[in-house]
Amino acid sequence: VGGKQRIAEVVAHEIAHMWFGDLVTMVWWDDMWLNESFATYMEYKSVDRVFPEWKAMQKYYIDSVGSAFVADGLKNTHAISVEVNTAGEISELFDAIGYNKGGSVLLMLEHFVSSEIFRKGLIRYLKTYSYSNATKKDLWHSIELESKANGMDYPVVEIMEDWITRVGYPILTIKNMGNGTFELEQERFTISGNIKEGVWKIPITYICEKGEQRVILKDKKMTIKNAGSWIKINYKQTGFYRVKYESENLTALGEFIKSGKLGSLDAWGIENDLFALLRSGEITVLEYLSFVKNYCI
């Protein structure tokens, strides 16, 4: 089955290039990811649609999102879209950032604006620039127009510029301020633990006692009120950022994993973030192993 699945993924990837690469081609190599990130993301989505029993989108998190987290968590990384001046610089773009981080950012955007608006935005983009050239801003503008047409008015252009042109990604530290209020504070995450600057515009989906909610974090800090006694940031694990919880909140989420209230992707995200925090020296081995032993085995 593994061999068949890999063959299906490669076939789907190359077919996707008929739209992302052939029908619409990037203006210049700085937007190489418009070809490869889309094809990588769509290979898993299409295989998941045709062969749902393979659960290709769950595999996508390990193969692509997890790989992008590792590569972009290094001190020396690069943005998805970078200036290209020589032929030698082109080959440097074909890596985990160009393929996997780009696809991870597309996943985040699709989930936040909804699959329907995302699909309509892609159709608008492909029709507008068929047999021509386009840039990343053309794509963001097309999706934003569809968002406005559907009464949502998401600032897609403003949000996505951060994720395409900047290096690294954020980690959100969550603090319970009492009375159902939680404070979110962002900084850049690196595995070495020594780079802390950076403010992204982060589309956030979270779940709490009130249910699923969505907000956009535009500043270093923000507060969420009336959430109850616990909160799970990055619900369904579609955002490209890490999260650090206080022990009480983390224990509550662990119990939800154990009882099945939180699904496998959320469980993977919490464990993956904890392991990254362990590697960066933010938590101890005992803290990590205790959580895994109690809630993930």
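This one's a predicted model, so the numbers in the text were calculated from it and none came from an experiment.

(A) Structural detail: unusual backbone geometry. Backbone geometry places Asn-234, a non-glycine residue, at a positive phi of 65°. Residue placement: Asn-234 occurs in the loop between strand S8 (231-233) and strand S9 (242-244).

(B) Broad picture of empty space enclosed by the protein. In this structure the tally under the stated criterion is 4 cavities of 30 Å³ or more. Here the largest cavity is characterised by a volume of approximately 40 Å³. Taken together, Phe-20, Gly-21, Val-24, Thr-25, Met-26, Leu-34, Asn-35, Phe-38 and Tyr-125 form the lining of the largest cavity. Of all the secondary structure elements, the ones that give two or more residues to the lining of the largest cavity are strand S1 (24-26) and helix H2 (33-50). Partitioned by chemical class, the residues of the lining of the largest cavity number 6 nonpolar, 3 polar and no charged. Computed from the structure, the second largest cavity encloses a volume of approximately 40 Å³. Secondary-structure elements contributing two or more residues to the lining of the second largest cavity are helix H5 (96-113) and strand S5 (202-208). Residues that form the lining of the second largest cavity fall into these classes: 5 nonpolar, 5 polar and no charged.

(C) Main features of H2. Here H2 contains 18 residues, and its C-alpha end-to-end distance of 25 Å stays within 8% of the 26 Å for a straight helix at 1.5 Å per residue. Along H2, 13 of the 18 residues are buried, which leaves the element largely enclosed by surrounding structure.

(D) Structural detail: the sheet that holds strand S4 (residues 181-189). A sheet is described by the order of its strands in space; here 4 strands give the open sequence S7-S4-S3-S9, paired in mixed fashion. With partners counted over all chains shown, the strands left at the sheet margins are strand S7 (221-224) and S9, one partner each. Taking the axes of each pair of neighbouring strands and ignoring which way they run, one obtains an average angle of 25° across the sheet. Here 3 bridges tie strand S3 (residues 169-178) to S9, and the two strands are oriented parallel to one another. Counted as the bridge partner of Leu-172 is Val-243 from S9.

About the cut-offs
Residues numbered from 1 in each chain as written. Predicted model: local features only at pLDDT ≥ 70, side-chain atom pairs only at ≥ 80, totals over all residues. Heavy atoms only, no water. Helix = DSSP H or I, 4+ residues; strand = E, 2+ residues; numbered from the N terminus. 1 Å grid on protein atoms, 1.4 Å probe; cavity = no way out; pocket = protein on both sides within 12 Å on 5 of 7 lines; lining within 4 Å. Points joined across faces, edges and corners; volume = space filled by probe spheres on them. Nonpolar A, V, L, I, M, F, W, Y, C, P; charged D, E, K, R; others polar. Expected span 1.5 Å × (residues − 1). Buried < 20%, exposed > 50% of the residue type's maximum accessible area, 1.4 Å probe, protein only. Pairing = 2+ DSSP bridges. Axes fitted to C-alpha atoms, helices over the stretch in contact; angles between N-to-C directions.

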